[in-house]
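# Results of the structural survey
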Amino acid sequence: MTNVERRKFKGLLEAKEALVSGSLCNRGEIVIQQTPDAIDAVQMAGEREFAIRNLDRDSSMLRQIRGALARIEDGTYGVCQRCEEDISPKRIHALPWARLCIECQEEMDRRKTPAYDAADPITA
Ligand SMILES: [Zn+2]
């Protein structure tokens, strides 16, 4: 990967980091409301669960983005963390925070290791 490309991905990842961390802050605290109405209570519990799931997802997203930024700094960006082959340009464009090549990712998926690849056009 050239320096120009690395800089491009760095800018991309930083923009994404700002976006995700901004949405994490804006969401504020997850409030637990008391309600006398049982139906409302059920609905609110559902919404709370949804908010927590989003929060989990964004936090793990943020970890992945920061991990990718760290790899840009130490020069290992774009290289699979498992087999040390280059991650294909197609994949790195679709998922700039990808830390595994597609073969390793698929193998990890088969082992049911949780991986955040929601933006992956193949699985979306
Ligand atoms: Zn690999």
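Our subject in this report is the structure included herewith. (Residues numbered from 1 in each chain as written. Predicted model: local features only at pLDDT ≥ 70, side-chain atom pairs only at ≥ 80, totals over all residues.)

Regarding its fold elements, the chain presents four helices and zero strands. In sequence order, the chain lays out its α and β elements as α-α-α-α. When the 124 residues of the chain are sorted by exposure, 15% land in the buried category. In the chain, the proportion of contacts linking residues at least 24 apart, taken out of those at least 6 apart, comes to 55%. (Helix = DSSP H or I, 4+ residues; strand = E, 2+ residues; numbered from the N terminus. Buried ≥ 20, exposed ≤ 12 C-beta atoms within 10 Å, placed from the backbone. Contact = placed C-beta atoms within 7 Å.)

The subject of this paragraph is the nonpolar core. Counting 13 residues, the largest nonpolar core has Leu13, Ile65, Ala68, Trp97 and Ala98 as its most contacted members. Of all the elements in the fold, those that place two or more residues in this core are α1 (3–27) and α2 (38–74). Broken down by element, the residue count for this core peaks at three residues, all from α2. The contacts of isoleucine 65, once residues within four sequence positions are left out, are Leu13, Lys16, Glu17, Val20 and Trp97. (Core = buried A, V, L, I, M, F, W, Y, C linked by C-beta atoms within 7 Å.)

Attention now moves to unusual backbone geometry. Backbone geometry places glutamate 84, a non-glycine residue, at a positive phi of 65°. Mapped onto the secondary structure, glutamate 84 falls in the loop between α2 and α3 (89–94). Since 10 C-beta atoms lie within 10 Å of it, glutamate 84 is described here as exposed.

Looking now at α2. An ideal rise of 1.5 Å per residue puts 54 Å on 37 residues; α2 measures up with 54 Å between its terminal C-alpha atoms. Looking one or two residues beyond α2, the residue adopting positive phi is glycine 75, at roughly 85°. (Expected span 1.5 Å × (residues − 1).)

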